[in-house]
Amino acid sequence: MRIEKKTLNDALRVLGKVVCQTSPVELYRSVRFVGDGNGIRAMATDGVETVSVILDAFTETEIDFCVPFKELKDLVRMGRSETIELTGKFIEFPELEEPSADVISAILPVNIGELLTQAAPIVDRTGYRRVLQGINLSSAGVTATDGKQLLHLPCVLSLAKDVTIPFPSALLAAKTSEMGTLQVWDTFFQIEIGNVSWHGKLLEGQYPNWRGVIPSAESHDYSITLHEPEKVLNWVKMIPSQKTTNGVELNVMPDGSVTLVSCIQPNFELNTSATVTGVQPRAVLTLDREIILRMLLQGYTTFKAHSDGLVPVIASGGAGQYIAMPIRTINKNPIQPKQEEKKMEIENNVVEQTAPVANPLDELNANVEEFRGKLKLLLDESGVLIRKVKEVALVQK
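Residues numbered from 1 in each chain as written. Predicted model: local features only at pLDDT ≥ 70, side-chain atom pairs only at ≥ 80, totals over all residues. Heavy atoms only, no water.

**Concerning the overall build of the protein chain**
Right, on to step 1. Of the regular secondary structure elements, the protein chain holds nine helices and 24 strands.
Right, on to step 2. Relative to its full complement of 397 residues, the protein chain shows a buried share of 42%.
Right, on to step 3. Long-range pairs, those at least 24 residues apart, make up 64% of the contacts in the protein chain between residues at least 6 apart in sequence.
Right, on to step 4. As presented, the protein chain carries roughly 22600 Å² of accessible surface, and 53% of it is formed by carbon and sulfur atoms. (Helix = DSSP H or I, 4+ residues; strand = E, 2+ residues; numbered from the N terminus. Buried < 20%, exposed > 50% of the residue type's maximum accessible area, 1.4 Å probe, protein only. Contact = heavy atoms within 4.5 Å. Areas by Shrake-Rupley, 256 points an atom, 1.4 Å probe, with all protein chains shown as cover.)

Here it is as structure tokens:
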């Protein structure tokens with residue numbers, strides 16, 4: 001079989017998402033090439049999911065052989081010729097489950113690849129809840145959540161019931177921009193888009209009731225629309241990323257502008273023009289740095305919230321609805337108009353002068369002394385036990 005190096009490299013980028021190079025099973029770390037002069041397909045499986053790609057390649061005879069994925073990558077990387085000649089050995093490939101009589105079919109829109117790409121960052125891929133590691137498809141569209149944030153992207157899918165597919169790594173790597181088909185039967189699914197086919201098992205379990213999570217229009221009493229999203233985005237990117245709480249405050253100013261303040265760097269702030277409608281918020285709207293960054297990257301520039309800060313925020317302006325729970329903070333020193341800045345500075349200095357400062361070394365020394373005492377007690381007790389054992393041994397003799 002002969003194939004262009006670029007064609008093979010593009011196929012490996014997709015197939016590599018299911019290949020397990022460290023598996024002891026030879027099939028799971030290999031790529032199967034099967035077909036004849038009318039068409040050739042490259043396939044890979046991890047035992048649960050199977051991905052296949054139709055190749056633009058040439059063969060004079062019917063072929064069915066496997067080549068280790070690592071060898072293929074080496075051929076692409078080190079091969080001098082733009083055309084690669086492939087041969088391999090036959091490995092029994094498992095038969096795929098065929099659709100049953102009650103199969104449900106749906107047409108996937110042209111932008112399904114883009115919708116999955118936007119939903120992917122919201123998926124909780126490392127959580128213990130298996131169902132949250134996938135993406136939910138329903139008649140209302142595409143939905144993803146990690147339990148802290150939710151993204152719903154509306155599109156028309158003719159599905160009679162909601163289904164949850166695993167994380168679509170292969171489809172994301174394929175970067176598809178064509179219409180496709182979805183087939184669902186029993187606990188299986190198959191998606192075909194362009195030259196890529198993905199077959200696997202649906203995720204079991206009840207997906208969270210995301211429809212009940214989306215607040216009603218009456219739940220919000222004010223909104224903020226940012227006029228300089230690019231400026232805000234660049235500012236948010238400069239805030240260091242961290243695993244612990246990393247909030248960004250959106251302070252509504254008296255002149256109608258919004259001042260953003262980093263919770264981990266209180267002196268790092270940005271004033272930007274915005275349109276604020278509704279009531280004056282009583283609590284400062286605070287969102288996680290990663291969430292607001294993702295919102296801005298996907299084009300969400302309007303934030304609908306409640307003035308008490310206890311209702312999930314709905315961000316709009318992008319392809320759908322982005323829902324996130326604000327961080328509840330106690331803002332002891334909210335940003336005030338310019339004329340009150342001096343008064344605030346004096347009050348802050350008083351607090352800083354009167355607040356006791358704990359020395360971490362004193363606490364560490366105290367812990368060390370306590371540990372030494374416990375260790376001495378254990379040594380004394382062990383000495384007593386050793387003497388008793390010796391006495392018993394002497395008596396027995």
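Here the narrative resumes.
**Some thoughts on the sheet that holds strand S8 (residues 104-108)**
Right, on to step 1. The strand order across the open sheet formed by eight strands is S6-S2-S3-S4-S15-S14-S13-S8, and the pairing between neighbours is antiparallel. Of all the strands in the sheet, just strand S6 (63-68) and S8 have a single pairing partner and so form its edges. When strand polarity is set aside, the average angle formed by the axes of neighbouring strands in this sheet is 15 degrees.
Right, on to step 2. The sheet contact formed by strand S13 (residues 180-185) and strand S14 (residues 188-193) spans six bridges and is antiparallel. Along S14, the bridge assignment pairs Gly-180 with Ile-193.
Right, on to step 3. Docked against the sheet, helix H1 (residues 5-15) engages strand S2 (30-36), strand S3 (39-45), strand S4 (50-55) and strand S15 (196-201), running at close to 165 degrees with respect to S4.
Right, on to step 4. The sheet strands contacting helix H2 (residues 69-78) are S2 and S6, and the helix crosses S6 at an angle near 85 degrees. (Pairing = 2+ DSSP bridges. Axes fitted to C-alpha atoms, helices over the stretch in contact; angles between N-to-C directions.)

**As for the packing of H1 against H2**
Right, on to step 1. As a packed pair, H1 and H2 sit with axes 10 Å apart at the nearest point and diverge in direction by 140 degrees. Judged on the interaxial angle alone, H2 and H1 are oblique. The chirality of how H1 crosses H2 is left-handed. Where H1 abuts H2, its residues Lys-5, Leu-8, Asn-9 and Leu-12 lie against Phe-69, Leu-72, Lys-73 and Val-76. (Parallel < 35°, antiparallel > 145°, perpendicular 65-115°, else oblique. Left-handed = near helix turned anticlockwise from the far one by under 90°.)

**A word on the pairing of strand S9 (residues 135-138)**
Right, on to step 1. Taking every second residue as pointing to the same face, both faces of S9 are buried, with Ile-135 and Leu-137 on one and Asn-136 and Ser-138 on the other.
Right, on to step 2. Pairing of S9 with strand S12 (residues 163-165) involves three bridges; the strand directions are antiparallel. In the sheet register, Asn-136 faces S12, and the bridge partner there is Thr-164.
Right, on to step 3. Sheet topology places S9 next to strand S10 (residues 141-145); three bridges connect them, and they run antiparallel. Bridged to Asn-136 within S10 is Thr-143.
Right, on to step 4. The hairpin formed by S9 and S10 contains two residues between the paired strands.

**Topic: the packing of aromatic side chains**
Right, on to step 1. Inspection of every chain in the model, using the stated rule, returns five aromatic pairs.
Right, on to step 2. Note on Trp-235 and Phe-268: the rings are 5.0 Å apart at their centroids and 15 degrees apart in plane angle, and the pair reads as stacked. One end of the pair, Trp-235, is in helix H6 (residues 229-237); the other, Phe-268, is in the loop between strand S18 (258-262) and strand S19 (269-272), with 33 residues separating them in the sequence.
Right, on to step 3. Trp-235 gets classed as buried once you look at its relative accessible area, which sits at 4%.
Right, on to step 4. Here Arg-125 stacks its cationic end above the ring of Phe-167, 3.8 Å away from the centre of that ring. (Phe/Tyr/Trp six-rings, centres within 6.5 Å; stacked < 30°, edge-to-face > 60°. Lys NZ or Arg CZ within 6 Å of the ring centre and 35° of its normal.)

**A word on the environment of Arg-294**
Right, on to step 1. By the secondary structure assignment, Arg-294 is in helix H7 (residues 289-297).
Right, on to step 2. Residue Arg-294 is classed as buried on the basis of its relative accessible area, which comes to 17%.
Right, on to step 3. Spatially, the C-alpha atoms of Arg-294 and Gln-118 are 9.3 Å apart, while their sequence positions differ by 176 residues.
Right, on to step 4. Those residues within four positions of Arg-294 in sequence are excluded, and the remaining contacts are Pro-121, Ile-122, Gln-149 and Tyr-322.

**Points about the sheet that holds strand S7 (residues 83-85)**
Right, on to step 1. Strand order across the open sheet formed by three strands is S5-S1-S7, with antiparallel pairing between neighbours. Looking at the sheet topology across the chains shown, the edges are occupied by strand S5 (57-58) and S7.
Right, on to step 2. The pairing of strand S1 (residues 2-4) with S5 spans two bridges and is antiparallel. Pairing of Arg-2 across the sheet is with Phe-58, part of S5.
Right, on to step 3. Of the strands in this sheet, S1 and S7 are in contact with H1, which crosses S1 at around 80 degrees.

**Some points on the side chain of Asn-136**
Right, on to step 1. Relative to the assigned elements, Asn-136 resides in strand S9.
Right, on to step 2. Polar contacts involving the side chain of Asn-136 include one to the main-chain carbonyl oxygen of Val-163, which spans 3.4 Å.
Right, on to step 3. For Asn-136, the side chain forms a polar contact with the side chain of Thr-164, separated by 3.3 Å.
Right, on to step 4. Excluding residues within four positions of it along the chain, Asn-136 makes contact with Gly-141, Val-142, Thr-143, Asp-162, Val-163, Thr-164, Tyr-207 and Trp-210. (Polar contact = N/O pair within 3.5 Å; in protein donor to acceptor, adjacent residues only side chain to side chain.)

**Side note on the packing of H6 against H7**
Right, on to step 1. The N-to-C vectors of H6 and H7 enclose an angle of 145 degrees; their axes lie 10 Å apart at closest approach. Crossing of H6 against H7: the hand is left-handed. Contact residues: Val-232, Leu-233, Val-236 and Lys-237 in H6; Arg-289, Ile-292, Leu-293, Leu-296 and Leu-297 in H7.

**Side note on the nonpolar core**
Right, on to step 1. One finds Phe-33 and Val-142 to be the most contacted residues of the largest nonpolar core, which totals 87 residues.
Right, on to step 2. The contact partners of Val-142, leaving out residues within four places of it in the chain, are Ile-112, Leu-115, Leu-116, Ala-119, Ile-135, Asn-136, Leu-137, Leu-151, His-152, Leu-153 and Cys-155.
Right, on to step 3. The next biggest cluster of nonpolar side chains, apart from the first, holds eight residues, and it includes Val-131, Tyr-207, Trp-210 and Ile-214. (Core = buried A, V, L, I, M, F, W, Y, C linked by side-chain atoms within 4.5 Å.)

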